[in-house]
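Tertiary structure, described
Residue-level listing of the chains:
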Amino acid sequence: MSTIPLNLGQLRGELRSQLQARHLHREGDTLELLAHGESNLIFRLNDARLVRLAVNTPNQRFAGDASRVSAFEAAILRYLQGAGLSHELLGAQLQPSADFPYTYLLTNYIPGVPLDYGRRHLQQCAETLARLQRLPAQPLMPHLQRVSHPLTLFFQESLDYAQPYLNSPGADPEVVAMLEVLLAKAEARLSVENLLSEHPHECLVHGDHTHDNWVINEHSAYLIDWEWAEIGSPAGDLGHFLSPVTVCRRHGYKMPPGDKQFCLAAYYQALGDRTLAETIRVHFSVFGAFPALRSLCWTAGYWITANRWYADSVSTSAAARLERLQASQRQFPQMWAEVMALLEEPLP
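Every value quoted in this text rests on a predicted model; they were computed, and no experiment measured them.

So, about the pairing of strand E2 (residues 40-45). The buried fraction of E2 is high, at five of six residues. Pairing of E2 with strand E3 (residues 49-54) involves six bridges; the strand directions are antiparallel. The residue of E3 that forms the bridge with leucine 41 is leucine 53. Taking the residues that link successive antiparallel strands as the turn, the E2-E3 hairpin has three residues, and the phi of asparagine 46 there is positive, at about 55°.

What follows is the structure, encoded as structure tokens:
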């Protein structure tokens, strides 16, 4: 990822000029920064639209090319058009130009709030995931990576994400030892990966269930930000959604075991298919811990490689993300213990 700070005021002016040239912004229209993350700047255009500007990508699958992310997400939103599961794509600029080196998507604005992990929200999210994972994956095959060996892939990506910390001269020896034990425990479970092919089910997997990637209102729960999407096991989403690392990102929250079981029961019921539910139970037992493993290793690596360009930003979103990074260092031992417990759960 780039470590060059962005001039947000200048960038907003340049984006406004680009939108005006395409007759998407008129005199008197408002364009306000809504969110500032590691990968995107989200601007609200008047009341009903969003402009999602790709400026970075921590996702190694895009080889550092943020412009590829816009095209990738546009393909997914076209696939989901009208399904009521995410934003509706209204327009896109998928190639950077000499005078504007960024790409963007134009979507509708969805009113709502982020996931709060109360049971009402858990029920709505479970129903959305069940609807998503029953959709046929074939139309997306040309556009998305197909993960046919998810344990192997996630284990390798976990190694890669942890490496900056493991190789850092300033690494805490205790944290290094914790990561090494965790990775050894995960490696010992790779031998059961064949159970997934014996119980096949592939679907669109969102892959990043941080609480602010959900927008929830009285009608439904909607998923946003598809940068980490792939075709693969539905346990990729279940595992990430219920991961203690993911859940902890909301103000250090720890989900009670009863709420986790409530969410899983709501999800399996919403599938409306007993055979499919049994198949996904096998997937979750085999693979469900690996999204948490990858997230924890990414967290440790991020302490070394984090893009600090948002540290000087005055936006609430940027300040919250910086605090989350610092909090993750304090919470790491608790998260490590919870991920270890997941890797020690019995296999089918």
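Don't stop here, the text continues.
In the structure shown here, the tally under the stated rule is 11 aromatic pairs. Arranged with centres 5.7 Å apart and planes meeting at 15°, the rings of tyrosine 117 and tyrosine 253 form a pair that is stacked. You can see tyrosine 117 sitting in the loop between strand E5 (103-108) and helix H3 (119-133) and its partner tyrosine 253 sitting in the loop between helix H8 (244-248) and helix H9 (257-271), a full 136 residues away along the chain. Given the relative accessible area of 25%, tyrosine 253 is considered partly exposed. Each residue in the set Tyr117, Trp214, Phe241 and Tyr253 is aromatic and connected to the rest through ring pairs, giving one cluster. A cation over a ring is seen here: arginine 281 above tyrosine 268, with NZ or CZ 4.1 Å from the ring centre. Residue placement shows arginine 294 over the ring face of phenylalanine 154; its charged tip is 3.9 Å from the ring centre.

Moving on to the environment of glutamate 157. Relative to the helices and strands, glutamate 157 resides in helix H4 (residues 150-166). For the pair glutamate 157 and serine 295, spaced 138 residues apart in sequence, the C-alpha to C-alpha distance is 9.8 Å. Filtering out sequence-adjacent residues up to four positions away, glutamate 157 remains in contact with Arg61 and Arg294.

Following the criterion strictly, the structure yields 10 salt bridges and no others. Among the salt bridges present, the one from arginine 52 reaches aspartate 225, with a minimum N-O distance of 2.7 Å. Taken together, the positions of arginine 52 in strand E3 and aspartate 225 in the loop between strand E8 (221-223) and strand E9 (230-232) put the pair 173 residues apart, joining distant regions of the chain. Its relative accessible area of 14% is what places arginine 52 among the buried residues. With relative accessibility at 15%, the residue aspartate 225 sits in the buried group. Its salt-bridge partner being arginine 61, residue glutamate 157 comes within 3.1 Å of it at the nearest N-O pair. Of this pair, glutamate 157 sits in helix H4 while arginine 61 sits in the loop between E3 and helix H2 (67-80); the two residues are 96 residues apart in sequence, bridging distant segments of the chain. Among the charged side chains, a salt-bridge network with shared partners connects Arg61, Glu157, Glu230 and Arg294.

A few words on helix H1 (residues 8-21). Helix length check: H1, at 14 residues, gives a terminal C-alpha distance of 20 Å against a target of 20 Å (1.5 Å per residue), a fit within 8%. All of the buried residues in H1 are Leu11, Leu15, Gln18 and Leu19. Angular distribution of buried residues about the axis of H1 spans 95°; they occupy a single face of the element. For H1, exposure combined with an orientation more than 90 degrees from the buried face picks out Gly9 and Ala21. Buried residues along H1 sit against strand E1 (31-36), E2, E3 and E5. Two or three places before glycine 9, at the opening of H1, asparagine 7 has a side-chain oxygen 3.3 Å from that residue's backbone nitrogen. Just downstream of H1, histidine 23 is the residue with a positive phi angle, here 60°.

What counts and how
- Residues numbered from 1 in each chain as written.
- Predicted model: local features only at pLDDT ≥ 70, side-chain atom pairs only at ≥ 80, totals over all residues.
- Heavy atoms only, no water.
- Buried < 20%, exposed > 50% of the residue type's maximum accessible area, 1.4 Å probe, protein only.
- Helix = DSSP H or I, 4+ residues; strand = E, 2+ residues; numbered from the N terminus.
- Pairing = 2+ DSSP bridges.
- Phe/Tyr/Trp six-rings, centres within 6.5 Å; stacked < 30°, edge-to-face > 60°.
- Lys NZ or Arg CZ within 6 Å of the ring centre and 35° of its normal.
- Contact = heavy atoms within 4.5 Å.
- Salt bridge = Lys/Arg side-chain N within 4 Å of Asp/Glu carboxyl O.
- Expected span 1.5 Å × (residues − 1).
- Arc of directions from axis to C-beta.
- Polar contact = N/O pair within 3.5 Å; in protein donor to acceptor, adjacent residues only side chain to side chain.

Purely spatial values, then, with no claim about function.
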